[in-house]
Amino acid sequence: MHIFENVQEVLKKIATVEESCGRKTTVVGVTKSVDTKAARELVKSGIVNIAENRTELFLDKYNKMSNLDVTWHLIGTLQRRKVKEVINLVDYFHALDSVKLAQEIDKRAKHVIKCFLQVNVSGEASKHGFSPNDLDQVLAEIADLSHIQIVGLMTMAPINATDAELDSIFAKASALQRQIAAQNLTHSPCTELSMGMSRDYQRAIQHGATFVRIGSEFFK
Ligand SMILES: *Cc1c(COP(=O)(O)O)cnc(C)c1O
């Protein structure tokens, strides 16, 4: 693995896209497939936003890397019974997918947790996330939870999506995010959009992603 070189390569590609759309993107490094040594190297290469998709992996990396200045992201499904173990270590949670989970987070959190509502734009049955039609209702239901702030929407495209399907999914997610942002909700500013992974981050940024979640491209 040439982590430093891979980071330079990815950042260069991102800078090019950013320039053409006049926006900045937060690059979140997903370390689920590597050990702590590689994760540390990623941080030293300049990726200071680190993500794990499972509670156990999150806790392991968090505990072993607590001496580094890292912003911590949890990006995968979180079971309600695990919320209390992990939530107070999390800066950003990308996979809020039920009102009950929001209530549990609110109950256990000691600081405001920045959350993304996960949206199932593609309608794929196996994917977690709210249906686009339910978002307004959900936002109303969680508006009183003082330890939760909805900073944005998060979506995942099907693994086998074609470029045309990716364009359609990313464009829809972006439109939904902008619709919510336009409402200027104090509790849910929703100014951010978390989408794009190793295979499609450039396309996602073109469609308005402000957070991309990249794993394998750094560790090849
Ligand atoms: C693994 C994972 C990623 C990163 O995927 P890569 O293809 O390795 O870049 C992004 N988001 C989520 C939710 C993941 O689980």
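Higher on the page you've got the structure.
Along each chain, numbering runs from 1 in the same order as the chain's sequence is written. For this predicted model, a pLDDT threshold of at least 70 governs which residues receive local features, and a threshold of 80 or more governs which side-chain atom pairs are given and counted, while totals over whole chains, interfaces and linings are taken from all residues. By convention in this description, side-chain values take in all heavy atoms of the structure and omit both hydrogens and water.

S.K.: So what's going on with the site of the ligand? Residues and values would help.
M.R.: All residues adjacent to the ligand are Val30, Lys32, Asn53, Ile75, Met156, Met197, Ser198, Arg213, Ile214, Gly215 and Ser216. The separation between an oxygen atom of the ligand and a polar side-chain atom of Ser198 is 2.5 Å. Side-chain atoms alone can form a polar contact between residues adjacent in sequence; in general such a contact is a pair of N or O atoms within 3.5 Å, and within protein one must be able to donate a hydrogen while the other accepts it. One of the backbone N or O atoms of Ser216 is found 2.8 Å from an oxygen atom in the ligand. When the ligand sits alone it has 390 Å² of accessible area, and the protein chains cover 86% of it. The nonpolar class holds Ala, Val, Leu, Ile, Met, Phe, Trp, Tyr, Cys and Pro. Asp, Glu, Lys and Arg form the charged class, and all remaining residues, Gly among them, are polar. Looking at the shell around the ligand residue by residue, the class counts come to five nonpolar, four polar and two charged. Any residue with a non-hydrogen atom lying within 4 Å of a molecule or strand is treated as near it. To be clear on the numbers: accessible area is Shrake-Rupley with a 1.4 Å probe, and residue cover counts the displayed protein chains and nothing else.

S.K.: Outline the pairing of strand 1 (residues 26–30), listing residues and values.
M.R.: Where burial is concerned, most of strand 1 is hidden: four out of the five residues are buried. Only when DSSP finds a minimum of two bridges between them are two strands counted as paired. In this description a helix means any DSSP run of H or I spanning at least four residues, a strand means any run of E spanning at least two, and both kinds are numbered starting from the N terminus. Pairing of strand 1 with strand 8 (residues 211–214), which is carried by four bridges, proceeds in the parallel orientation. Paired with Val28 across the two strands is Arg213, which belongs to strand 8. Handedness of the crossover joining strand 1 and strand 2 (residues 49–52) through helix 2 (residues 36–44): right-handed. Here's how the labels work: a residue is buried when its accessible area is under 20% of the maximum for its type, exposed when over 50%, partly exposed in between, all with a 1.4 Å probe on protein chains only. Assignment of crossover handedness uses the view with strands pointing away from the viewer, where a clockwise path from the first strand over the helix to the second indicates a right-handed crossover.

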